[in-house]
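Structural features, examined
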Amino acid sequence: MKRRSFLQLGFAGVGALTLTKNTQALEYYPVKSDKKIAVIYSTWCGSSRDAAVWISEGMGGIADVFDIREKPDLKGYEHIIIGGSIRSFATSKELQDFIQQNKGVLKGKVRGLFAVCGNMGNPITPELTKQYIDDHLAKMCEVTKVPAKVLRGRITKSLMEPENAKMMASFQDYDNLKRDECMALGKEIMDSIK
Ligand SMILES: Cc1cc2nc3c(=O)[nH]c(=O)nc-3n(C[C@H](O)[C@H](O)[C@H](O)COP(=O)(O)O)c2cc1C
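Attention in this report is confined to the structure presented alongside it. For clarity, every value in this text was computed on a predicted model and none was experimentally measured.

Rules behind the numbers
Residues numbered from 1 in each chain as written. Predicted model: local features only at pLDDT ≥ 70, side-chain atom pairs only at ≥ 80, totals over all residues. Heavy atoms only, no water. Core = buried A, V, L, I, M, F, W, Y, C linked by side-chain atoms within 4.5 Å. Buried < 20%, exposed > 50% of the residue type's maximum accessible area, 1.4 Å probe, protein only. Helix = DSSP H or I, 4+ residues; strand = E, 2+ residues; numbered from the N terminus. Contact = heavy atoms within 4.5 Å. Near = heavy atom within 4 Å. Polar contact = N/O pair within 3.5 Å; in protein donor to acceptor, adjacent residues only side chain to side chain. Areas by Shrake-Rupley, 256 points an atom, 1.4 Å probe, with all protein chains shown as cover. Phe/Tyr/Trp six-rings, centres within 6.5 Å; stacked < 30°, edge-to-face > 60°.

Counting residues in each nonpolar core, the largest one holds 26 residues, and the members touching the most others are L74, I82, I99, L113 and L137. Where this core is concerned, the elements lending two or more residues are β1 (37–42), β3 (79–85), α3 (93–101), β4 (110–117) and α5 (126–141). Of all the elements, α5 adds the most residues to this core, at 7 residues. Beyond its immediate sequence surroundings of up to four residues, L137 is in contact with T91, L95, I99, L113, F114, A115 and Y132. In terms of nonpolar packing, the next biggest core, distinct from the first, is built from 20 residues, W54, V116, L177 and I189 among them.

Before going further, it helps to spend a moment on unusual backbone geometry. The phi dihedral of K71 is positive, around 45°, even though this residue is not glycine. In this structure, K71 sits in the loop between β2 (64–67) and β3. By relative accessible area, which is 65% here, K71 ends up exposed. Not every positive phi belongs to a glycine, and N119 is a case in point at roughly 45°. By the element assignment, N119 lies in the loop between β4 and α5.

So, about the site of the ligand. The local shell around the ligand holds 23 residues, among which T43, S47, S85, I86 and R154 are the closest. G46 places a main-chain nitrogen or oxygen 3.2 Å from an oxygen atom of the ligand. S47 has a polar side-chain atom sitting 2.5 Å from an oxygen atom of the ligand. Relative to its unbound accessible surface of 640 Å², the ligand loses 89% to contact with the protein. Looking at the shell around the ligand, the elements with two or more residues in it are α2 (47–58), β4, β6 (154–155) and α6 (162–167).

A few words on the packing of aromatic side chains. Per the stated rule, a full pass over the model turns up 1 aromatic pair. Geometrically, the ring pair formed by F66 and Y77 is edge-to-face, given 6.0 Å between the ring centres and 80° between the ring planes. Here Y77 lies in the loop between β2 and β3 and F66 lies in strand β2, a separation of 11 residues in the sequence. Judged on exposure class, the residue F66 and its partner Y77 are both buried.

Geometric descriptors of this kind do not, in isolation, establish any biological role.
Shown next, in the form of structure tokens:
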């Protein structure tokens with residue numbers, strides 16, 4: 001879909017989009033930019049989706065934001081930010097496979113990384129940053145020293161698969177994801193690619 005403002009699209013356009021079989025994310029650019037930036041994320045219950053959107057907002061809202069399950073074609077992008085939620089000490093297999101399969105197109109374009117984890121509600125430590133950024137995402141993406149952050153996520157049992165919700169039954173839901181932290185990472189990434 002051609003770049004355009006949501007406000008210019010109008011209701012007829014929105015209706016047409018919702019009826020199209022192969023739908024694409026509605027692109028909304030509050031600020032004009034000639035940069036081609038994609039934020040791609042992997043999530044189970046939505047924390048990383050919100051983190052990805054807020055990272056884009058920190059960049060001025062100019063990035064296209066994709067769920068990894070859309071298998072986005074990244075060829076046209078100059079700058080790519082990658083992140084995902086943690087389960088059993090790693091991001092999803094879908095994200096890992098996608099990175100592996102897109103090594104060529106990602107080469108030299110990965111500008112930022114993020115991981116979202118529960119860490120049992122505890123603060124993020126340098127050890128966790130090493131574990132999820134340096135030894136995991138950065139290693140898979142073959143980058144060093146790009147802006148990156150481990151973000152605290154949330155538990156929403158009503159959005160989990162029944163077996164996981166049951167396993168978590170004795171834990172309270174919580175929400176530690178912070179929009180301002182995500183936006184600050186987006187701004188840091190944007191400053192690094194200006
Ligand atoms: C089955 C399961 C396994 C998890 N494993 C970990 C883990 O190994 N380390 C961690 O810090 N958080 C873990 N979490 C917490 C998630 O990382 C946290 O809830 C995160 O916000 C989920 O992101 P999402 O909403 O994008 O799926 C786990 C959560 C579930 C439901």
